[in-house]
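# Examination of the molecular architecture
Next come the chains, spelled out residue by residue.
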Amino acid sequence: MLINADLHLHSKYSMACSNKMELPVMAEEAAKKGIDLIATGDCTYPDWLKDIKKAAVNDETVAIGKTNFIITTEVEDNNRVHHLLLLPSISKAEELVERLSKYANLKADGRPTVKLDGCELAEIAKDIDAMIGPCHAFTPWTALYAYHDSLESCYGDMTYYVSFLELGLSADSDYADRIEELHKLTFLSNSDAHSPWSNKLAREFNQINVPEVSFEGLRKAIQRKEGYGVTYNAGFYPHEGKYNESACIKCFKHYSFEQCLSTNWKCANCGGLIKKGVKDRVNELADFDEPKHPPHRPPYVHLMPLSEVIMTALGHASINTKGVQSAWNKLMERYGNELNVLQTAEIIEMDFIDKRITNAILAFREKRLILHPGGGGQYGRIEIPQELQKVDTTPYKKNQSSLFDF
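Here's a quick rundown of the structure.

About the criteria used
Numbering of residues starts from 1 in each chain and follows the order in which that chain's sequence is written. With the structure being a predicted model, the display of local features is reserved for residues of pLDDT at least 70 and the display and counting of side-chain atom pairs for 80 or more, all residues being used for whole-chain, interface and lining totals. To obtain the side-chain values, all non-hydrogen atoms of the structure were included, while hydrogens and water were left out. Counting from the N terminus, the helices are DSSP H or I runs at least four residues long and the strands are E runs at least two residues long. Computation of the radius of gyration draws on C-alpha atoms alone. For the globule rule, the value is 2.2 Å times the number of residues to the power 0.38. Only protein chains enter the calculation, and the probe is 1.4 Å; a residue is then buried if its accessible area is under 20% of its type maximum, exposed if over 50%, and partly exposed in between. Residue contacts are counted whenever heavy atoms from the two residues lie within 4.5 Å of one another. Residue-level accessible areas treat just the shown protein chains as cover; the underlying method is Shrake-Rupley with a 1.4 Å probe. Counted charges follow a simple rule, with Lys and Arg positive, Asp and Glu negative, and His plus the chain ends left uncounted. The atom standing in for a charge is NZ when the residue is Lys, CZ when it is Arg, CG when it is Asp and CD when it is Glu. Take the buried residues of types Ala, Val, Leu, Ile, Met, Phe, Trp, Tyr and Cys, join any two whose side-chain atoms come within 4.5 Å, and each joined set is a nonpolar core. Two aromatic rings, drawn from Phe, Tyr or Trp (for Trp, its six-membered ring), form a pair once their centres lie within 6.5 Å of each other, and the interplanar angle then sorts them: stacked below 30 degrees, edge-to-face above 60, tilted otherwise. For a Lys NZ or an Arg CZ to count as sitting over a ring, it must be within 6 Å of the ring centre and within 35 degrees of the ring normal. The pairing criterion is simple: DSSP has to find at least two bridges between the two strands. Basic side-chain nitrogens of Lys or Arg form a salt bridge, by our definition, when they fall within 4 Å of a carboxyl oxygen of Asp or Glu. Counting of polar contacts relies on pairs of N or O atoms within 3.5 Å, with two restrictions inside protein: one atom must be capable of donating a hydrogen and the other of accepting it, and residues adjacent in sequence are counted only when both atoms are side-chain atoms. Note on geometry: axes are lines fitted to C-alpha atoms, helical ones only across the stretch in contact, with angles between N-to-C directions running from 0 to 180 degrees. For this classification, under 35 degrees means roughly parallel, over 145 means roughly antiparallel, 65 to 115 means roughly perpendicular, and everything else is oblique. Each helix crossing is assigned a hand: it is left-handed if the near helix lies turned anticlockwise from the far helix by less than a right angle, otherwise right-handed if that turn is clockwise. Three classes are used, and their members are as follows: Ala, Val, Leu, Ile, Met, Phe, Trp, Tyr, Cys and Pro are nonpolar, Asp, Glu, Lys and Arg are charged, and the others, Gly among them, are polar. Each patch groups residues whose relative accessible area exceeds 30% and which form no salt bridge, using 9 Å between like charges and 5 Å between nonpolar side chains of Val, Leu, Ile, Met, Phe, Trp and Tyr.

## What to know about the overall build of the protein
Secondary structure summary: the protein contains 15 helices and 16 strands in total. For the protein, the C-alpha radius of gyration of 21 Å lies close to 22 Å, the compact-globule estimate for 406 residues. Here the C-alpha coordinates of the protein stretch approximately 65 × 60 × 40 Å along the principal axes. In the protein, buried positions account for 56% of the 406 residues. When contacts within the protein are restricted to residue pairs at least 6 apart in sequence, long-range pairs at least 24 apart make up 70% of them. With an accessible surface of roughly 17200 Å², the protein has 47% of that area assigned to carbon and sulfur atoms. Computed over 46 positive and 56 negative side-chain charges, the separation of the two mean positions in the protein equals 5 Å.

## Digging into the nonpolar core
Core analysis: the biggest nonpolar cluster contains 120 residues, and Phe138, Tyr145, Leu165, Leu182 and Leu331 have the highest contact counts within it. Apart from the residues lying within four places of it in its own chain, the contact partners of Leu331 are Leu306, Ile310, Gly336, Val341, Met350, Phe352 and Ile353. Among the nonpolar cores identified, the runner-up in size contains six residues, and Cys248, Tyr255, Cys267 and Ile274 belong to it.

## As for the packing of aromatic side chains
Think of a pair of aromatic rings as described by two things: how far the centres are apart, and how the planes are tilted against each other in angle. Applying the stated rule across the entire model yields seven aromatic pairs. Judged by centre distance (6.3 Å) and plane angle (75°), the ring pair of Tyr160 and Tyr161 falls under edge-to-face. For Tyr160, a relative accessible area of 56% puts it in the exposed group. Ring plane angle 70° and centroid distance 5.8 Å describe the contact between Phe257 and Trp265, whose orientation is recorded as edge-to-face. Members of the aromatic cluster, joined through ring pairs, are Tyr13, Tyr45 and Trp48. The cationic tip of Lys253 hangs over the ring face of Tyr255; the distance from NZ or CZ to the ring centre is 5.5 Å. Across the ring face of Trp141, the terminal group of Lys275 is positioned such that the distance to the ring centre comes to 3.8 Å.

## Digging into the pairing of strand β11 (residues 229-235)
Across the seven residues of β11, six count as buried, placing the element largely inside the fold. Sheet topology places strand β10 (residues 205-209) next to β11; five bridges connect them, and they run antiparallel. Note that in β11 the partner of Ile208 across the bridge is Val230. Where β11 lies against strand β14 (residues 300-302), three bridges are found, and the strand directions are parallel. Considered in β14, the bridge of Gly235 is made with His302.

## Observations concerning the side chain of Asp192
Relative to the assigned elements, Asp192 resides in the loop between β9 (186-188) and β10. For Asp192, which is buried and forms no salt bridge, the nearest opposite charge comes from Arg111, at a distance of 5.3 Å. Reaching out from Asp192, the side chain makes a polar contact with the side chain of His10 at a distance of 3.1 Å. If sequence neighbours within four positions are ignored, Asp192 has contacts with His8, His10, Glu74, His136 and Arg203.

## Quick look at the packing of helix α11 (residues 306-314) against helix α12 (residues 322-335)
At a closest axis distance of 9 Å, the pairing of α11 and α12 adopts a crossing angle of 130°. Between α11 and α12, the interaxial angle falls into the category oblique. Here α11 and α12 pass one another in a crossing that is right-handed. For the pair α11 and α12, contact is made by Leu306, Ser307, Ile310, Met311 and Leu314 and by Gly323, Val324, Ala327, Trp328, Leu331 and Met332, respectively. In terms of residue class, the contact of α11 with α12 is made up of nine nonpolar, two polar and no charged.

## Let's talk about the packing of helix α2 (residues 46-54) against helix α3 (residues 90-100)
Look at α2 against α3: their axes get within 11 Å of each other, and the N-to-C directions meet at 170°. Taken together, the axis directions place α2 and α3 in an arrangement best described as roughly antiparallel. Contacts between α2 and α3 involve Leu49, Ile52 and Lys53 from the first element and Ile90, Ala93, Glu94 and Val97 from the second. Considering only residue class, the contact of α2 with α3 consists of five nonpolar, no polar and two charged.

## Quick word on the pattern of salt bridges
For the structure on display, the rule yields 19 salt bridges. A salt bridge links Glu94 to Lys53; the nearest nitrogen and oxygen atoms lie 2.6 Å apart. Here the residue Glu94 occupies a position in helix α3, and Lys53 occupies one in helix α2, the gap between them amounting to 41 residues. Taking the relative accessible area as the measure of exposure, Lys53 reaches 39% and is therefore partly exposed. With its nearest N and O atoms 3.3 Å apart, the salt bridge here joins Glu226 to Lys220. For Lys220, a relative accessible area of 27% translates into the label partly exposed.

## What to know about the environment of Thr263
Structurally, Thr263 can be placed in the loop between α9 (257-262) and β13 (274-275). Put simply, Thr263 and Ile274 are eleven residues apart on the chain and 9.2 Å apart in space, counted from C-alpha to C-alpha.

## Description of a negative patch on the surface
Together, Glu120, Glu123, Glu152 and Asp157 line one region of the surface with negative charge. With respect to the helices and strands, the residue Glu120 is situated in helix α4 (residues 118-127).

See below:
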């Protein structure tokens with residue numbers, strides 16, 4: 001059974017998260033994007049765990065409408081590394097709360113900071129039969145390779161128990177498979193969404209072959225047992241992430257690695273701190289000049305949030321304008337999910353939307369969109385080639401004004 005899964009989200013109780021991150025809203029928005037299984041996130045936060053229980057069918061099953069949930073939490077250890085835990089049941093989440101409450105104030109934030117290291121967290125995960133792996137592993141803040149040079153440095157004697165690694169928005173399989181120690185792990189591409197809207201939730205996801213939609217089914221896939229596994233990862237071009245290139249965290253000026261060294265990681269433009277980008281960090285850690293994918297590694301499908309493609313095509317400043325939302329909704333109604341629109345739907349049949357949008361989708365498919373890399377905490381951006389902007393912008397159908405120019 002093939003499912004689409006986004007296994008890292010947050011609730012309204014995590015810092016800097018939308019108050020719309022509630023289970024019913026998350027379920028509805030996931031269904032719009034063709035996502036079958038999403039993370040609850042934040043299961044150690046008392047009020048959120050109560051909400052999870054209300055949505056539970058039984059101890060092991062949480063579902064709303066067509067959307068199933070996997071019980072999860074993200075935890076920050078005492079070395080500032082973030083870890084993703086996937087749990088088999090509500091009762092195991094309660095056990096985790098009991099264990100972690102000795103080392104953290106779990107009411108302070110949906111994403112708790114605990115006085116434990118990675119090895120100790122992995123031991124707890126093993127004790128409660130949960131899966132564990134590093135979140136957004138290459139990000140220069142709060143991540144495995146921000147503070148460690150190897151898995152063993154972080155997880156110690158429990159390294160063997162780590163079964164997956166989350167790539168993060170600024171990396172893909174080509175980046176990570178230049179590092180030999182990662183060849184044994186399953187890669188996950190998740191959104192880490194702080195809001196439920198179309199450009200955040202499931203902006204990265206995984207297509208997974210599972211025997212059933214359950215924790216045990218997911219475990220077989222992540223551990224690649226009985227022929228199950230991730231069939232592809234879908235997510236950003238690494239350039240789109242906030243930390244792809246080394247850049248100043250104040251003015252966002254980009255620097256080569258050599259320039260960073262010569263300025264001692266201080267911005268020559270404003271004096272701010274230059275934060276090392278994922279591209280440069282991978283180059284430091286790499287065992288290979290080019291990626292060497294192990295036989296089990298699935299393809300990585302590069303995507304962009306459709307709402308941002310539409311926004312750029314129409315020249316709007318936000319994805320929330322009437323024009324962008326109208327176009328996105330009509331495309332979803334016709335084609336079901338963003339993947340179908342961006343990859344497989346016949347362009348010639350999209351005569352119900354503005355030609356600028358279809359040109360932008362075509363440019364995405366032909367890899368003609370111009371990518372301006374992110375860095376220093378600023379997302380990368382896309383640009384439509386000039387030759388595709390100079391088109392007749394009247395709609396395909398005669399005598400009909402565009403629905404999307406508002």
